[in-house]
Amino acid sequence: MTYLPDGGRYERQPYNRSGRSGLRLPAVSLGLWHNFGDDRPLSTSRTILRRAFDLGITHFDLANNYGVPYGSAESNFGRILRQDFAAYRDELIISSKAGFDMWPGPYGEWGSRKYVLASLDQSLARMGLEYVDIFYSHRPDPDTPLEETMGALDRAVRSGKALYAGISNYSAEQTAQAARIMRELGTPLLIHQPSYSMINRWIEGGLLDVLEEAGMGCIVYSPLAQGLLTDRYLEGVPADSRAATSRFLNADQIDRDLARDLNEIAGSRGQTLAQMALLWTLRDPRVTSVLIGASSVRQLEDNVACLEGPAFTEDELEAIDKITRPAA
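Structure report, in brief. Note that the coordinates shown come from a computational prediction; the quantities given were computed from them, not determined experimentally.

## Some points on the overall build of the protein
The secondary structure content of the protein amounts to eleven helices and ten strands. Against the globule reference of 20 Å for 328 residues, the protein gives a C-alpha radius of gyration of 19 Å, in line with a compact fold. The C-alpha extent of the protein, read off along each of the three principal axes, is 50 × 50 × 40 Å. For the protein, the residues scored as buried account for 55% of the 328 residues in total. Contacts spanning at least 24 positions in sequence make up 74% of the contacts within the protein whose residues lie at least 6 apart. Summing over all exposed atoms, the protein offers an accessible surface of approximately 14600 Å²; the carbon and sulfur share of this is 48%. Charged side chains of the protein number 34 positive and 43 negative; the gap between the two group centres comes to 5 Å.

Given below as structure tokens:
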């Protein structure tokens, strides 16, 4: 059946300007880190992506090593893009990244010009695209000069294979240095993608200030702390949960008392804990967008519904701070 998107999709959520650029991103974007590889049915991925676009999500975030096996999220996304979204390409923001391990040998990870540009070419081939809208350096390389990595991003934009450049997982100091280098090259950095959540607030210690000064946007990932900020673990660790099955999370990281306290605040707001945690990341205007994952349409819809929640009161923010930033 031919896919026809919802005609009211752009009324579903706000679109925020990324720093001082001309690009606006949806308040909620969809990340394809999990659930879009060959280990999941393509039909499920397709249904989620269709519904996401209907809900006003125009930004789909990928990386070269997303999916099981590596690269499969990009390949599957490209297949669905050709089937359902080809006519809407100019309405989409598609991003990818290079930085983590992707193929064997000395040129398969980190930040060399060789790796970064080869990875971009591979990502474009997997997705069947002439360009991505945003291309990121996925992490800083301690052994490669920052000028080389930033030079590769500059080359990606100047070649027309990316419209904008971004960085992810860089410290505040590294971000300031990268922004300066890119300004001098004539290709300002558009955006930074850091981890951020109620229980991982490191970007408040200087990174947001650097981004504001540099005119960069901020799109945060892991806003639910791999599921810790949901009702998933309030009563224990389900056998099929990420804490029980994934290498990215283990049961020792779960703080049920913290989650229960936050859940009480969420309930008083008429939200789930996940919805409150997502909306909380957007309370700072310097945060352009929050990246969510989704394993089902229902989960997607529940998460996007965070935008329907009320604005936070000062009392609520103070209560959240007491729980997530306890006095030393």
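Moving on, there is more to tell.
## Description of helix α9 (residues 273-281)
With respect to burial, α9 is a largely interior element, nine of its nine residues being buried. By the burial criterion, the buried members of α9 are L273, A274, Q275, M276, A277, L278, L279, W280 and T281. Looking at the buried residues of α9, the elements they touch are β9 (217-220), α8 (256-268), β10 (289-292), α10 (297-304) and α11 (314-324).

## A closer look at the sheet that holds strand β5 (residues 93-98)
Taken together, eight strands build a closed barrel; the order of strands is β3-β4-β5-β6-β7-β8-β9-β10 and the barrel is parallel. Taking each pair of neighbouring strands and ignoring which way they run, the sheet shows an average axis angle of 30°. Where strand β8 (residues 191-193) lies against β9, two bridges are found, and the strand directions are parallel. Bridge assignment links H192 to a residue of β9, and that residue is C218.

## Some words on the pairing of β5
Where burial is concerned, most of β5 is hidden: six out of the six residues are buried. Side chains I93, S95 and K97 of β5 all project onto a buried face; the interleaved residues I94, S96 and A98 project onto the opposite face, where all are buried too. By the bridge criterion, three bridges tie strand β4 (residues 59-61) to β5 in an arrangement that is parallel. The residue of β5 that forms the bridge with F60 is I94. Traced from β4 through helix α2 (residues 72-85) to β5, the parallel crossover comes out right-handed. Of the pairings in the sheet, the one linking β5 to strand β6 (residues 132-137) comprises four bridges and is parallel in character.

## Considerations on the packing of aromatic side chains
Tallied over the full model, the rule gives nine aromatic pairs. Ring centres 5.9 Å apart and planes at 55° place the aromatic pair F53 and Y88 in the tilted group. Taken together, the residues span a long stretch of sequence, with F53 in helix α1 (residues 42-54) and Y88 in the loop between α2 and β5 at a distance of 35 residues. Judged by relative accessible area, which is 0%, F53 ranks as buried. Overall, Y88 belongs to the buried group, its relative accessible area being 17%. A cation over an aromatic ring shows up here: K97 above the ring of Y136, its NZ or CZ 5.6 Å from the ring centre. Directly above the ring of W280 sits R283, whose terminal nitrogen or CZ lies 3.8 Å from the centroid.

## Observations regarding the pairing of β6
Counting buried positions along β6 gives six out of six residues, so the element sits mostly inside the fold. Crossover β6 to strand β7 (residues 162-168) through helix α4 (residues 146-158) is right-handed.

Each value, and the rule that gives it
Residues numbered from 1 in each chain as written. Predicted model: local features only at pLDDT ≥ 70, side-chain atom pairs only at ≥ 80, totals over all residues. Heavy atoms only, no water. Helix = DSSP H or I, 4+ residues; strand = E, 2+ residues; numbered from the N terminus. Rg over C-alpha atoms; globule rule 2.2 N^0.38 Å. Buried < 20%, exposed > 50% of the residue type's maximum accessible area, 1.4 Å probe, protein only. Contact = heavy atoms within 4.5 Å. Areas by Shrake-Rupley, 256 points an atom, 1.4 Å probe, with all protein chains shown as cover. Lys, Arg positive; Asp, Glu negative; His and termini not counted. Charge placed at Lys NZ, Arg CZ, Asp CG, Glu CD. Pairing = 2+ DSSP bridges. Axes fitted to C-alpha atoms, helices over the stretch in contact; angles between N-to-C directions. Right-handed = clockwise from strand over helix to strand, strands pointing away. Phe/Tyr/Trp six-rings, centres within 6.5 Å; stacked < 30°, edge-to-face > 60°. Lys NZ or Arg CZ within 6 Å of the ring centre and 35° of its normal.

On their own, these measurements won't tell you what the molecule is for.
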